[in-house]
Amino acid sequence: TTVGRTGVVNAAPFSSYNYIGSQPPTLAINIVQRGDGGLKDTARNILDTREFTVNVVNEAQLEVMHKTGEDFPPEMSEPETFGIALLPGVAVAVPRIAESPVQMECHLTHMLTIGNGHNVLYLGVVVAFHLSNTVYANGKIGQGRALLTRLGVPSGRVGPSREALFRTNDQYRDAVLQQEAGD
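Fair warning: this is a prediction, and the values are worked out from it, not measured in the lab.

Caption draft 1: Representation of the side chain of threonine 2 in the model. Topologically, threonine 2 is positioned in strand β1 (residues 2-3). A polar atom in the side chain of threonine 2 sits 2.9 Å from the side chain of asparagine 45. Ignoring any residue separated from it by four or fewer positions in sequence, one finds threonine 2 in contact with Val8, Val9, Asn10, Asp41, Thr42, Asn45, Ile46, Glu51, Phe52 and Val94.

Written out as C-alpha cells, the structure reads:
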C-alpha cells in the first residue's frame, strides 16, 4: 500500500519483491513503468512520500489482490473500491491491509534503474513488522501456514509442503521441484 499526495490510498500487487538485507532489514520491490513510460501510482507515491507498506496475502485474499492490479486512475482508492479494511501505519503514514497476515512498513532508501530503464528497483528499510498469530507461533514464522506471492499469473503459493509449493505454470513448478529434489 502507498498514499498519494492527495491522501488517496493505493493498493496494488507487487509482481516482484524480495528481502535483500538483515541489518537493517531491507527489501526491494520492482515496479515496471507504464507502457507509455510513465510511473505507476505505486511508484509515484513512493517517490512523493518515501514510504510504503508491503502486505503479504494469503489464499483468502487472492481474488481481491488480483483486482487491485487493474489499471485505476490515481484519484481512485483500491481499498475503498473493493472494501479492503485498513489499519493505520505505526511507523509510517501508509496504512496496512487489516487481513494481511504479514505487514512490513518501509522507508525508501534507494532507487535503481535496471536494464533499459523500464524497470526500477525501490529499496526500503523495514521500520515496523506486523505478524498475525496465523503465521507466527512458538517463535517461528510460517510453520504449517501458507502465504502467497505474485509471480505473474497465476500466483505462486509458498506453503508448508513441496506438493503445494507452487500453483503457477509448469515451467516454474518443475524448476522449483527439481531444485528441491537435489536438497
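Having seen it, we continue.
Caption draft 2: Examining the sheet that holds strand β8 (residues 102-114) more closely. Taken in spatial order, the 5 strands make up an open sheet running β3-β4-β9-β8-β5, and their pairing is antiparallel. Looking at which strands have only one partner, the edges of the open sheet turn out to be β3 (16-22) and β5 (51-56). Recorded for the sheet is a direction-independent mean angle of 35° between the axes of neighbouring strands. Taken together, the 7 bridges between strand β4 (residues 25-32) and strand β9 (residues 119-131) define a ladder with antiparallel strand orientation. Bridge assignment links leucine 27 to a residue of β9, and that residue is glycine 124. Of the strands in this sheet, β4, β5, β8 and β9 touch helix α1 (residues 41-49), which is tilted by about 135° from β4.

Caption draft 3: Inspection of α1 at higher detail. Asp41, Thr42, Ala43, Asn45 and Ile46 are the residues of α1 that are buried. Buried residues belonging to α1 abut β1, β2 (9-10), β4, β5, β8 and β9. Positive phi appears at arginine 50, one or two residues downstream of α1, with a value of about 65°.

Caption draft 4: Highlighting a nonpolar patch on the surface. A cluster of nonpolar side chains, Phe129, Leu131, Tyr136 and Ile141, forms an exposed patch at the surface whose accessible area comes to about 380 Å². As for its position among the elements, tyrosine 136 is in strand β10 (residues 136-137).

Caption draft 5: How the structure looks around the packing of aromatic side chains. With the rule as written, the count across this model stands at 2 aromatic pairs. Centre to centre, the rings of tyrosine 17 and tyrosine 19 are 6.1 Å apart; their planes meet at 80°, and the pair counts as edge-to-face. Measuring from centroid to centroid gives 5.7 Å for phenylalanine 72 and phenylalanine 82, while their planes differ by 75°, and the two rings are edge-to-face. Residue phenylalanine 72 is found in the loop between α2 (62-68) and α3 (78-82), and its partner phenylalanine 82 is found in helix α3; the two are separated by 10 residues along the sequence. Residue phenylalanine 72 is classed as buried on the basis of its relative accessible area, which comes to 10%. Exposure remark for phenylalanine 82: the relative accessible area of 25% places this residue in the partly exposed category.

Calculation criteria
- Residues numbered from 1 in each chain as written.
- Predicted model: local features only at pLDDT ≥ 70, side-chain atom pairs only at ≥ 80, totals over all residues.
- Heavy atoms only, no water.
- Helix = DSSP H or I, 4+ residues; strand = E, 2+ residues; numbered from the N terminus.
- Polar contact = N/O pair within 3.5 Å; in protein donor to acceptor, adjacent residues only side chain to side chain.
- Contact = heavy atoms within 4.5 Å.
- Pairing = 2+ DSSP bridges.
- Axes fitted to C-alpha atoms, helices over the stretch in contact; angles between N-to-C directions.
- Buried < 20%, exposed > 50% of the residue type's maximum accessible area, 1.4 Å probe, protein only.
- Patch = residues over 30% accessible without salt bridge, like charges linked within 9 Å, V, L, I, M, F, W, Y side chains within 5 Å.
- Areas by Shrake-Rupley, 256 points an atom, 1.4 Å probe, with all protein chains shown as cover.
- Salt bridge = Lys/Arg side-chain N within 4 Å of Asp/Glu carboxyl O.
- Phe/Tyr/Trp six-rings, centres within 6.5 Å; stacked < 30°, edge-to-face > 60°.

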